[in-house]
Amino acid sequence: MIVTGTFGASSYSIRDLQLFRDADDTAVAQALADCKLVRLPRGEALEDGLRARLYILLAGSLAVEAALGEGNIDRILPGESVGEQSVLDDAANLDAIVALEDSELLVIEPERVWQLIDGHNGVARNLLRLLSFRIRATNARLRRRQKLGEFYRQLSFNDGLTGLYNRAWLNDALPKLVTRARQDGGPLSLVMIDLDHFKRFNDTHGHIAGDSALCAAAGVIRAGLRPTDFAVRYGGEEMMAILPATPQQQAVMVAERLCARMREAVVFDDMRLPLPHVTGSFGVATLLPGQDERGLIEAADAALYRAKEAGRDRIGT
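Nothing here was measured: the structure is a model prediction, and the numbers come from that model. Here the residue index of a chain counts from 1 through its sequence in written order. In keeping with the predicted nature of the model, local features appear solely for residues at pLDDT of at least 70, side-chain atom pairs appear and are counted solely at 80 or more, and the whole-chain, interface and lining totals rest on all residues. Side-chain metrics in this entry use all non-hydrogen atoms of the structure; hydrogen atoms and water are not considered.

## What about the overall build of the protein?
At step 1: Per the convention used, a helix needs a DSSP run of H or I reaching at least four residues, while a strand needs a run of E reaching at least two, with both numbered from the N terminus. A count of helices and strands for the protein gives 9 helices and 13 strands.
At step 2: Using a 1.4 Å probe on the protein chains alone, a residue whose accessible area is under 20% of its type maximum counts as buried, one over 50% counts as exposed, and one in between counts as partly exposed. By the burial criterion, 43% of the 317 residues in the protein qualify as buried.
At step 3: Of all intrachain contacts in the protein linking residues separated by at least 6 positions in sequence, the fraction that spans at least 24 positions is 72%.
At step 4: Every accessible area reported is derived by Shrake-Rupley at a probe size of 1.4 Å, with residue values counting cover from the shown protein chains alone. Roughly 17,100 Å² of accessible area belongs to the protein as shown, and the carbon and sulfur atoms make up 52% of that amount. By the convention used here, residues are in contact when the closest approach between their heavy atoms is within 4.5 Å.

## Digging into unusual backbone geometry
At step 1: The backbone phi angle of Arg312 is positive, close to 65 degrees, even though this residue is not glycine.
At step 2: The topology assignment puts Arg312 in the loop between α9 (293-309) and β13 (315-316).
At step 3: By relative accessible area, Arg312 is classed as partly exposed at 26%.

## Looking at the packing of helix α7 (residues 207-223) against helix α8 (residues 248-264)
At step 1: Their axes nearest at 10 Å, the elements α7 and α8 cross at an angle of 145 degrees. Considering only the axes of α7 and α8, their crossing is right-handed. In contact with Ala217, Val220, Ile221 and Ala223 of α7, α8 contributes Leu258, Arg261 and Met262.
At step 2: Just so you know the grouping, Ala, Val, Leu, Ile, Met, Phe, Trp, Tyr, Cys and Pro go in nonpolar, Asp, Glu, Lys and Arg go in charged, and all remaining residues, Gly too, go in polar. Of the residues contributing to the contact of α7 with α8, the split by class is 6 nonpolar, no polar and 1 charged. Only the stretch in contact is used when fitting a helix axis, every axis being a line fitted to C-alpha atoms; angles between N-to-C directions are given from 0 to 180 degrees. Whether a crossing is left-handed or right-handed is set by the direction in which the near helix is turned from the far one by less than a right angle, anticlockwise for left-handed and clockwise for right-handed.

## Topic: the pairing of strand β10 (residues 230-235)
At step 1: As paired elements, β10 and strand β11 (residues 238-244) share 5 bridges and run antiparallel to each other. Each bridged residue has a counterpart across the sheet, and for Gly235 the counterpart in β11 is Glu238.
At step 2: Taken together, β10 and the strand that follows it, β11, pair antiparallel across an intervening segment of 2 residues, in which Gly236 is found at a positive phi of about 60 degrees. Think of it this way: DSSP has to see at least two bridges between two strands before they count as a pair.

## Details of the packing of aromatic side chains
At step 1: Aromatic pairs are defined between Phe, Tyr and Trp rings, using the six-membered ring for Trp, whenever the two ring centres lie within 6.5 Å; interplanar angles under 30 degrees are classed as stacked, those over 60 as edge-to-face, and all others as tilted. Per the counting criterion, the structure on display carries 4 aromatic pairs.
At step 2: Note on Tyr165 and Trp169: the rings are 4.1 Å apart at their centroids and 15 degrees apart in plane angle, and the pair reads as stacked.
At step 3: According to the relative accessible area criterion, Trp169 is buried, its value standing at 8%.
At step 4: Residue classification places Tyr165 among the partly exposed residues on the basis of a relative accessible area of 24%.
At step 5: For a ring to carry a charge above it, either NZ of a lysine or CZ of an arginine must fall within 6 Å of the ring centroid while also lying within 35 degrees of the normal to the ring plane. Looking at Arg167, its charged tip hangs above the ring of Tyr234, at a distance of 4.0 Å from the centre.

## Some details on the side chain of Asn202
At step 1: The topology assignment puts Asn202 in helix α6 (residues 198-205).
At step 2: Setting aside anything within four residues of it in sequence, one finds Asn202 in contact with His207 and Gly210.

## So, the pattern of salt bridges
At step 1: We define a salt bridge as a contact between a side-chain nitrogen of Lys or Arg and a carboxyl oxygen of Asp or Glu at a distance within 4 Å. For the structure on display, the rule yields 8 salt bridges.
At step 2: For Arg53, the salt bridge goes to Glu109, with nearest N and O atoms at 2.9 Å. With Arg53 in the loop between β2 (36-40) and β3 (54-59) and Glu109 in the loop between β8 (103-108) and α3 (110-119), this residue pair connects regions lying 56 residues apart in the sequence.
At step 3: Taking relative accessible area as the criterion, Glu109 reaches 31% and is therefore assigned partly exposed.
At step 4: For Asp313, the salt bridge identified is with Arg263, shortest N-O distance 3.0 Å. Pair noted here: Asp313 is in the loop between α9 and β13 and Arg263 is in helix α8, with a separation of 50 residues, a long-range link.
At step 5: Overall, Asp313 belongs to the partly exposed group, its relative accessible area being 23%.
At step 6: We classify Arg263 as partly exposed; its relative accessible area is 38%.

## Remarks on the sheet that holds strand β7 (residues 96-99)
At step 1: Overall, antiparallel pairing links the 3 strands, which are arranged β5-β4-β7 in an open sheet. Each of the sheet's edge strands pairs with one partner strand only, and the pair in question is β5 (73-76) and β7. The average angle at which neighbouring strand axes cross in this sheet is 25 degrees, direction not considered.

## With respect to the pairing of β8
At step 1: Burial analysis of β8 places 6 of its 6 residues in the buried class, which makes it a mostly covered element.
At step 2: Alternating residues of β8 divide into Ser103, Leu105 and Val107 and Glu104, Leu106 and Ile108, and every residue in both groups is buried.
At step 3: By the bridge criterion, 4 bridges tie β2 to β8 in an arrangement that is antiparallel. Within β8, the position partnered with Leu40 by the bridge is Ser103.

Structure follows, in structure tokens:
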């Protein structure tokens, strides 16, 4: 950064500076007359940015990245300023400021900034407008970041292959569903599903076909549930349907419907291939008094085992 002169000796006008528009041009010009002008070559950082100073860009352009980073970079154009916040709260300016091209800046020390604020209402109004704009822009970024964070959080709860909820979601949600069922005094049922002879299916048709079978089965489960129900990929070829406010008898009916639809689901578009269908075994359990989410899963898993022992492609309770 190279000192090139003072504002009073330059060809720049107060009207070129957004912060001082609509202020008393003559008085403000006199106050700024001995303020330094500095040149910042392209690619160079503002090395004394740690000091509490106000910088107004006169020519060129700057990139300003907030101290917290996070990839948000503002571009500062001629007439705009940086460092207002550091002057007002008398703290170091920790923003990273880099010249995008050869640039010239007006440097105003904190004491001079306060003199201008105290002596010129127009300067104070402009500063308030500027800070209000910055706050609005920051809040908009925070809202976008929150939405993006929620998007990725939800994405982390979904199985990448089938689109069903995954084990992480289950670990987070099932305890809450159990608690809600106890508070409401209503039933909560769980259907555990396992695709029959899936290893044989994979060995015969390959893993790509196996993935297609998993997606087809997931589609059957998703389409066969109410909007208030939840479909989960528990792991491997095991899936799960969580049925809030559903007693045992109704849950068995849901499982029977899913079992029948599973037999009809087409895995391959090319019907010339053998074994175009898959079947599933289903275990149904309903939350019992004093039972927690782990006990509910274990009960559904035991019911699923009974369905397999009985010949698969059927419902166990």
